[in-house]
Structures are given as structure tokens and as C-alpha cells.
Amino acid sequence: MSIMKYKQFNWLAALLLTIATVTIISACNKKFDEPDTNFVDPGIPVTMTLKELKALLPTAGSVVEITDDKVISGIVVADDRSGNFYKSLSIQDETGGVSVRLDGTNVFNMYPVGRRIYIKVKGLCVGDYGGMIQLGAINTSTTPISQTPIPQNLFDKYIVKGSFGNNITPRVITNFADLKTTLQDSFQNTLIQLKNFQVTAGDTSKTYGDPSLAVSAVNINLQNCSGNSIILRSSSYANFAGINVPKGKGTITAIYTFFNGTKQLVIRDTSDVQFNGTRCGSGVGSNLTYKTIQEIRALGNGAVIGSDIGIKGIIVSNTQNEAVGNYRIQDASGYGIQLRFPSMNPNFALNDSVKVDVSGLTVSLFNGDLQINNVMNSEKAGTGSVVPRNTTVSDIGAHLNDWASTVVTLNNVTIAQTSTNSTGINYDVTDATGTIISFVRTALGVSLPATASTFTGYVSIYNGTPQITIRTAADVPNSGGGGTPSDTENFETGTKTGYTDGAVTLSTGSWYFGDSMLGTDANDLKNGAQSARLRGGSTKDGFIRMEFDITGVQQVKFKFGGTNFNEGSDDSQEYSVQLKYSKDGGTTWTTLSKTIGVRGSFTNATYSIPATATDNVRIQIENTSFLRSTNNRLRVNVDDVEFIK
């Protein structure tokens, strides 16, 4: 052989060796997580559905051995690729889903999501975990038998691999009540989809799992815009455990599971969670068509409100005299309705003007009172007021369903306490035409008088019985207590040691003292170091007057009493004060009736002011006590002036 031929042979041999080596290396480097897609479904007849398989277990807490030669088939809808499913697969057919326990890891290499598998179930068993059915191997070392994962060396004995790339379309759950926690529930271990869900506000700072592994799994609370809630449970060993949960609202696709009656979702990876929209409770959209409350009520009990529908109105209830999350709203149509916020409490106040998204919500009866339940999205649009309907008890009964959740006023009533419970007091309110019940919650802090010239509140219904519910003490003249002080002047700041007229800067603002001073003497009545002391005479009033306004004041309360100074033989004469109010910056004043007190101790004075939430109010307290022969009035102290909105 010539040298040229020898070299040519060597070159060809090297080329063939290189090709062979590349081929071998290429084959050896094939990724295990990229399965051979050439698999086709074997010709194995399927003789049992997953629904029929689960029916073999009639009672939770037991294990049933499968002795019949049956074959089931399903598509893998969840595997262990992300680590959120451990030693298990979820498979699904047209009748339901089931969890298959496998004693192996990285089983997604053999049984990835989308692959159809066939399982010969003879010799296996069905059991449950927390009420959810599982398929597994039999553990004969216990009596009675128990369930254990299928050993890895027996995978091929029981499981036959089928085709890849089979898609399962998640079942969209439109009625949350369809998700049951019963043993034979058809949704368990199937791929579902929930829309308009979000992580609850308290959990938005969490990660899916606990990367420190202090706990093996983390529960994240989810909630939709209708108030339905469910747990998202993720393993701390999942490869996404340290990722922050999203803060928006949207769609979640997951495997539906439950444990001892608690509904749960388990995701395959974070791409299953698409919470990118605006959260529930963050306000109302600009695309709403607004209906009147009269139109909404006309839909009737059980009606589902259409899409993109809103209502507007004025809040006519007070949270202190309503259950938490309940509000009454009335609009210009003259109709009202109860709103129930199960979780996203907007903390509306009396006389707030609001907009409410009621899209897709249900009109329903609660104890006979028409309501819209599970309200989530709303926003304050300002303030306003509702003029009460002047009526009688008899007329309320005749128009009960039309007037429910609207404001009315009764006239010249007698009031009698009838019963109490852990949350409040029931009163009978009687006018010339009949009697109606009024329940006053302890939280409101109002005690009703025996009689009242007017009695204002909104109409409500409890088990078919009409009621009238007050909002503040201002609804019933001469009622005691009530409301939340928005400002209190205790006269503990400022200095004024003489009766010369002049302004004093106090904690609430500037007050003008007419023939009055700040009393610090031992003979002054006071809660603290000092109080206002009012004198006055025949030619000059003794008074204290605000030089500023407070918006929305509906009631003023304060303490007053005759001083312990020596008043000679006039000590036993009348000690009294009266209140004036102005809603135009002090240009004009309205005088209210005087309140009589005693010498040497405080009397509580309460005055109702007919002001709206937007009215600017200022007051003047005057000494109207007995005018002595010295041409001075008996001196009184005033302290702790509270302004109630």
C-alpha cells in the first residue's frame, strides 16, 4: 500500500470514528426531562372510569383492595416537576380525577403533565387522606391493611405509558358552591379555574412557601369579589417557595383538593396564578351603568344583577348601631336597600355619598329584609343628606317593603324599654297609630327618653316585623349619650384669670369669653386643673363662644354646675345654661332651650343640632342662672364640651 493510500485510509477511518462518537455522545446527552414524543396510546381497553374507581370507597377512613382485573386511564394534570406535588400524580378523565401515590421522585420524567397513562388496578387499593380519595399500593404489614405509595420497581407492572401532549381544559367554576368536600366529589384532583380571586390583604406580604423550611407548607388565603374564600397551599420544598405572592386580582388555575372539609388549591407552578388586575375593594370601575335602588329592588328575591351595574346613594345607617359590614343606602328614587360587605369593609359613615359595584351579585332576603350580599367594590363620592319621610307607625306597616332601609320620622312618641340582650336594648316606640320596635345596640351608647317630640331612624325588617333604627342620639331629642366625639374641649390649655372679655386659644381653637374666665380655684367645679367659669349680669351675658367651625356637628354634650363660691342667700336659686348654634360663621344664631343644673356638682347637658354632614357649626354656651340683687348671675362652671358628628 502506498503512503498516499495509507493516509487516505487513516483520514476516512478518523472521519467514521468521529461520526460514530458524535452519534453516541448525542444519544448519551439526551435530556431525561424531554420525553420521547413518539409514544402512542397502546391498544389497552379501559374498563373502569375514575368515577367508578372512587365509588369503590364508600366510607372515608377505610382502605379497599381492588380484586377485579380492571384498567383505568387518565391524563396527568399535575406532576412533581416543581416540587409542589410530592410522590404523587393527579390524573383526570371525563368523569373526574384521582391522586396516584408513587414512591419515587422526578417521576415527571416518565409521567409529565399532558401524558395519558393506563393503570392496571388489580392488586392496588383505594383509600383517602382527609376525605380525598387516593390510589396506591397495599401495605399488608398492618391490620387491617393500609395504603402505601406504589414502589418504583413496580411502576411498569401497574402503569402503562401512553401518548404525550394531551390537553386538559380547566373547568371554570362559576358557582363556588359547586366545589364540595364530599368523598365522591367530582371536582377533587381535577384542574379547575377560578376567576376574580386575589390574595387577602393580610397575606399579600407572604411568599408561596417557607424557604427556611421552618414549616413544610404555607397556606395563603384567597378571596374573590363575592366574598368566597379558599386556601392556596404550597409546599416549602417547591422551587417557587421563596417567590412573593402577587398583590393583584385575576385568574388561578389549580388542582382542587380539600382536607377535612377545608377547600384548597394546589398549583403546578406560579404561571398558574395570573393576578394582574385591580384588586377587589379598590373602588368601582368607570364602565358601570347605574341603576336606581328602586330598579334593583324590583328584580326581586333571588335575582342576579347583570354585568357592569352600579348603584349610588347616601349611607343612612351608623356602623355603631348595625352589624359589622352592614350598611343601609338610600337614593333619590326614595328607595333603600341593605348592603352586606362580608370582608372588604369600606368603613362608610352616616351621610357618606357612595358608589357601589353590584355587578353579578344576588338580591336576597335576610330575615325578611331585602339586601345585596357579598358586596366588595365601592367608594366614597362625597357627603350628602336624606330628608326623612314624616310618617306614622301605621303607614310604616302599610308600606313596609317599599320603605325598608329608608329614613322616616315619627312624631310625639312614648318610648318604653321591653327587653335586653348581650348586644343591646329593645324599645317599644308608640305614636297615635300604633307601636313599632326599635333596637339600640350597646355600642351606640344611647339611652332613650320616655317621650320624644320626634323619633327619626331608618325602617328595617326582622323576621317580618317592622322596626325603626336610630343612627345617633340626635335622632331622638333628649336621649342620653351616643355618638363618637370628634372634638372635645376640656379647657386644660390656655390662661384667662379675669372676667374681661377676650379670646383664648384652647386645644380645639380660639374661644371668645364674655364676662367669663378659666377657673382654677378650689371652689370651681372641674375635671382636671381648670374649667370655664361663666358669670354675666343684667346688661352683659356671661358666655363662651367658638371662633371657628366644626363640620357635621349633630350633637353637643358638656358638663356644667353651680360653683361653690359664696353666693349669699341666693345659693338655692336656679342654676342653668342654654346653647346657641350658628351654621353661617356666627352671622345668625339659633337659641335652644335651657338646661337646669345644681350647685356643687356637674349635670350633663345634651343638645341636638339639625345639621348635615357638610354643615359648618359653631356654638355659644350662655349662663342663664338666677340674676342676683348684686346684678350678677349665679356663677357656673362648664367643662368637657364634646362635639358629636
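The numbering scheme is per chain: residues are counted from 1 as the chain's sequence reads. Only residues with pLDDT of 70 or above have their local features reported here, since the model is predicted, and side-chain atom pairs are shown and tallied only from 80 upward, although totals for entire chains, interfaces and linings are computed over all residues. The basis for every side-chain value is the complete set of non-hydrogen atoms in the structure, without hydrogens or water.

Peer 1: I keep staring at the overall build of the chain and nothing clicks. Help me out?
Peer 2: Helix numbering and strand numbering both begin at the N terminus, where a helix is a DSSP run of H or I of at least 4 residues and a strand a DSSP run of E of at least 2. A count of helices and strands for the chain gives 6 helices and 47 strands. On C-alpha atoms alone, the chain measures out to a radius of gyration of 38 Å, which is more than a quarter above the 26 Å that the 2.2 N^0.38 rule sets for 645 residues. Along the first, second and third principal axes, the C-alpha set of the chain runs to 150 × 70 × 55 Å. When each of the 645 residues of the chain is scored for burial, the buried share is 48%. A separation of at least 24 residues holds for 67% of the contacts in the chain among residues at least 6 apart in sequence. In short, Shrake-Rupley with a 1.4 Å probe defines the accessible areas, and a residue's cover is counted only from the protein chains shown. For the chain, the accessible area works out to roughly 28900 Å², and carbon and sulfur atoms hold 49% of it. Positive and negative side-chain charges of the chain, numbering 53 and 54 respectively, have mean locations separated by a distance of 6 Å. Note that the radius of gyration is over C-alpha atoms, with the globule rule given as 2.2 Å times the number of residues to the power 0.38. Only protein chains enter the calculation, and the probe is 1.4 Å; a residue is then buried if its accessible area is under 20% of its type maximum, exposed if over 50%, and partly exposed in between. Residue contacts are defined here by distance: any two heavy atoms, one from each residue, within 4.5 Å place the two residues in contact. The convention is simple: Lys and Arg are positive, Asp and Glu are negative, and His and the chain ends are not counted. To locate a charge, take NZ of a lysine, CZ of an arginine, CG of an aspartate or CD of a glutamate.

Peer 1: Explain the pattern of salt bridges to me, please; I cannot follow it from the model alone.
Peer 2: Salt bridges are defined as contacts in which a side-chain nitrogen from Lys or Arg sits within 4 Å of a carboxyl oxygen from Asp or Glu. The full count for this structure, using the stated rule, is 23 salt bridges. Arg535 serves as the salt-bridge partner of Asp515, at 2.9 Å between the closest nitrogen and oxygen. Taken together, the residues span a long stretch of sequence, with Asp515 in the loop between strand E36 (510-514) and strand E37 (516-519) and Arg535 in the loop between strand E38 (531-534) and strand E39 (543-546) at a distance of 20 residues. Judged by its relative accessible area of 23%, Arg535 is partly exposed.

Peer 1: What is the right way to look at the pairing of strand E35 (residues 502-505) in this model?
Peer 2: The side chains of a regular strand alternate, residue by residue, between the two faces of the sheet. Here E35 shows a buried face lined by Gly502 and Val504 and an unburied face lined by Ala503 and Thr505. Examined bridge by bridge, E35 and E36 share 4 bridges and lie antiparallel to one another. Its bridge partner being in E36, Gly502 is matched across the sheet by Phe513. The hairpin turn running from E35 into E36, its antiparallel successor, is 4 residues long, and Gly509 in that turn takes a positive phi close to 150°. DSSP calls a pair of strands paired once it identifies at least 2 bridges connecting them.

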